[in-house]
Amino acid sequence: MKVGIIQQANSADITDNIHKLKEKIRQLANSGAELIVMQELHNGLYFCQTEDTEVFDQAETIPGHSTDTFGELAKELGVVIVLSLFEKRAAGLYHNTAVVLEKDGSIAGIYRKMHIPDDPAYYEKFYFTPGDLGFNPIDTSVGRLGVLVCWDQWYPEAARMMALSGAEMLIYPTAIGWESSDSDEEKQRQLEAWITVQRGHAIANGVPVISVNRTGHETDPSGQTNGIQFWGNSFICGPQGEFIFKADENEITHIVEIDKKRTENVRRWWPFFRDRRIDEYGELTKRWID
């Protein structure tokens, strides 16, 4: 299966951002991509650097403008597209939501981000209610997709639940970068940790991982920090954690071919699912084991 990814630097001009994304989707589809994945909250800036109630005006319903716009494109081009949207579910109730569009333009399924961070410059708990749809893969014409979002990347439980439910690959739309005051050594540690933990999910579950980050610098509207330098470095790895593709910090569109049959072979060689001691894992549902 051919997977296209878009790593883009965004501006405050949502219309322009969407125009660029549509052009890149068209390029990827015309080059043979069957599945196209974009970064987290791809329509605009990463607005969670501050807490501002006016930002809620950017949220949209699902179905809504973005699902209609990109759905028409998916149908025209015959591709499956993974969106990442700021969802308005009801007045005062908002989610960070991934939407999978089938190649006929219909909504194949949605996933609401389950793990919500609250760190300096990442004030997501102000905007997003934690997801309530669980860790359920989305069935599409290109396979069963285990779609998660950004902060979910750090949790092996989320990856495992998706894999145990039959996900053929894990997909992470992402928005993560560096805070300027960190040392170069600390920045490198953060980047390597981000990559390593996701490669670990691929290995532990025997599935490919598709991780698509944004890039570019986005200022802090409050002026309290120097903003975020999103580090890009989107990548796709196979079921043994092997890199199939790894980007740098620049904007990119790229197509990678994934061999879905390889999962079966890898799980035969490394039968981690066979050897799980499910009879001893009950306490994992506790916050802490005393």
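Small disclaimer: the values here were computed from a predicted structure and weren't measured. (Residues numbered from 1 in each chain as written. Predicted model: local features only at pLDDT ≥ 70, side-chain atom pairs only at ≥ 80, totals over all residues. Heavy atoms only, no water.)

A. The overall build of the chain, seen in detail. Scanning the chain from terminus to terminus reveals 5 helices and 17 strands. Against the globule reference of 19 Å for 290 residues, the chain gives a C-alpha radius of gyration of 18 Å, in line with a compact fold. Residues counted as buried form 50% of the 290 residues belonging to the chain. Contacts in the chain between residues at least 24 apart in sequence constitute 69% of all its contacts with a sequence separation of at least 6. As displayed, the chain offers around 13400 Å² of accessible surface, 49% of which is attributable to carbon and sulfur atoms. Side chains of the chain carry 29 positive and 44 negative charges; the gap between the two charge centres is 8 Å. (Helix = DSSP H or I, 4+ residues; strand = E, 2+ residues; numbered from the N terminus. Rg over C-alpha atoms; globule rule 2.2 N^0.38 Å. Buried < 20%, exposed > 50% of the residue type's maximum accessible area, 1.4 Å probe, protein only. Contact = heavy atoms within 4.5 Å. Areas by Shrake-Rupley, 256 points an atom, 1.4 Å probe, with all protein chains shown as cover. Lys, Arg positive; Asp, Glu negative; His and termini not counted. Charge placed at Lys NZ, Arg CZ, Asp CG, Glu CD.)

B. Local environment of the nonpolar core. Core analysis: the largest hydrophobic core is formed by 62 residues, its most contacted members being Leu35, Phe86, Leu145, Ile171 and Ile210. In this structure, Leu28, Met38, Ile62 and Leu83 belong to the second largest nonpolar core, which totals 19 residues. (Core = buried A, V, L, I, M, F, W, Y, C linked by side-chain atoms within 4.5 Å.)

C. Structural detail: the environment of Gly4. Position of Gly4 among the secondary structure elements: in strand S1 (residues 2–7). Classification of Gly4 by relative accessible area gives buried; the value is 0%. Aside from chain neighbours lying at most four places away, what touches Gly4 is Leu28, Ala33, Leu35, Ile36, Val37, His254 and Ile255.

D. Representation of the sheet that holds strand S13 (residues 215–218) within the structure. Taken together, the 3 strands give an open sheet; going across it, the order is S11-S14-S13, and neighbouring strands pair in antiparallel fashion. Here the strands that pair on one side only, and so sit at the sheet edges, are strand S11 (177–179) and S13. Adjacent strand axes in the sheet meet at a mean angle of 20°, parallel and antiparallel pairs treated alike. Against the sheet, helix H4 (residues 184–205) touches S11 and strand S14 (228–231), its axis set at about 155° to S11. (Pairing = 2+ DSSP bridges. Axes fitted to C-alpha atoms, helices over the stretch in contact; angles between N-to-C directions.)

E. Examining the pattern of salt bridges more closely. Using the criterion set out here, one finds 18 salt bridges in the structure. Lys20 is the salt-bridge partner of Asp16, the closest N and O atoms lying 3.4 Å from each other. Placement of the pair is Asp16 and Lys20 together in helix H1 (residues 14–30), with a separation of 4 residues, close to one helical turn. The salt bridge partner of Lys24 is Glu251, with a shortest N-O separation of 3.6 Å. Note that Lys24 is positioned in helix H1 and Glu251 in the loop between strand S16 (243–246) and strand S17 (252–257), a separation of 227 residues in sequence. For Lys24, a relative accessible area of 15% gives the class buried. When its relative accessible area of 43% is taken as the criterion, Glu251 is described as partly exposed. (Salt bridge = Lys/Arg side-chain N within 4 Å of Asp/Glu carboxyl O.)

F. Local environment of the packing of H1 against helix H2 (residues 65–77). Where H1 meets H2, the axes come as close as 11 Å, and the angle between the chain directions of the two elements is 15°. Here H2 runs roughly parallel to H1, going by the angle between their axes. In the packing of H1 onto H2, the handedness of the crossing is right-handed. Two secondary-structure elements touch here, H1 through Ile18, Leu21, Lys22, Ile25, Arg26, Ala29 and Asn30 and H2 through Thr69, Phe70, Leu73, Glu76 and Leu77. (Parallel < 35°, antiparallel > 145°, perpendicular 65-115°, else oblique. Left-handed = near helix turned anticlockwise from the far one by under 90°.)

G. The arrangement of H2 in detail. Taking 1.5 Å of rise per residue, the 13 residues of H2 would be expected to cover 18 Å, and the 18 Å separating its terminal C-alpha atoms lies within 8% of that figure. Every buried residue belonging to H2 is among Ser66, Thr67, Thr69, Phe70, Gly71, Leu73 and Ala74, and all of these are buried. Packed against the buried residues of H2 are H1, strand S3 (80–90), strand S4 (93–101) and strand S5 (107–112). Positive backbone phi, approximately 70°, marks Gly78, located one or two places after H2. (Expected span 1.5 Å × (residues − 1).)

H. Highlighting the packing of helix H3 (residues 156–164) against H4. Orientation of H3 relative to H4, taken along the N-to-C sense of each, is 35°, at an axis distance of 10 Å. Judged by the sense of rotation from one axis to the other, the crossing of H3 with H4 is right-handed. Of H4, the residues touching H3 (which contributes Pro156, Ala159, Arg160 and Ala163) are His201, Ala204 and Asn205. Its residues assigned to classes, the contact of H3 with H4 comprises 4 nonpolar, 2 polar and 1 charged. (Nonpolar A, V, L, I, M, F, W, Y, C, P; charged D, E, K, R; others polar.)

I. Structural context of the sheet that holds S16. Spatially, the 6 strands line up as an open sheet ordered S8-S9-S10-S12-S15-S16, and their pairing is mixed. Strand pairing shows two members of the sheet lacking a second neighbour, strand S8 (138–140) and S16, which therefore form its edges. The mean angle between the axes of side-by-side strands here comes to 20°, regardless of whether they run parallel or antiparallel. When strand S10 (residues 169–174) meets strand S12 (residues 209–213), the two strands line up parallel, connected through 5 bridges. Looking at the pairing, Leu170 lines up with Val209 of S12.

J. Representation of a nonpolar patch on the surface within the structure. On the surface, a cluster of nonpolar side chains totalling about 340 Å² of accessible area is made up of Trp269, Trp270 and Phe272. Along the polypeptide, Phe272 turns up in the segment after helix H5 (262–269). Taking the relative accessible area as the measure of exposure, Phe272 reaches 37% and is therefore partly exposed. (Patch = residues over 30% accessible without salt bridge, like charges linked within 9 Å, V, L, I, M, F, W, Y side chains within 5 Å.)

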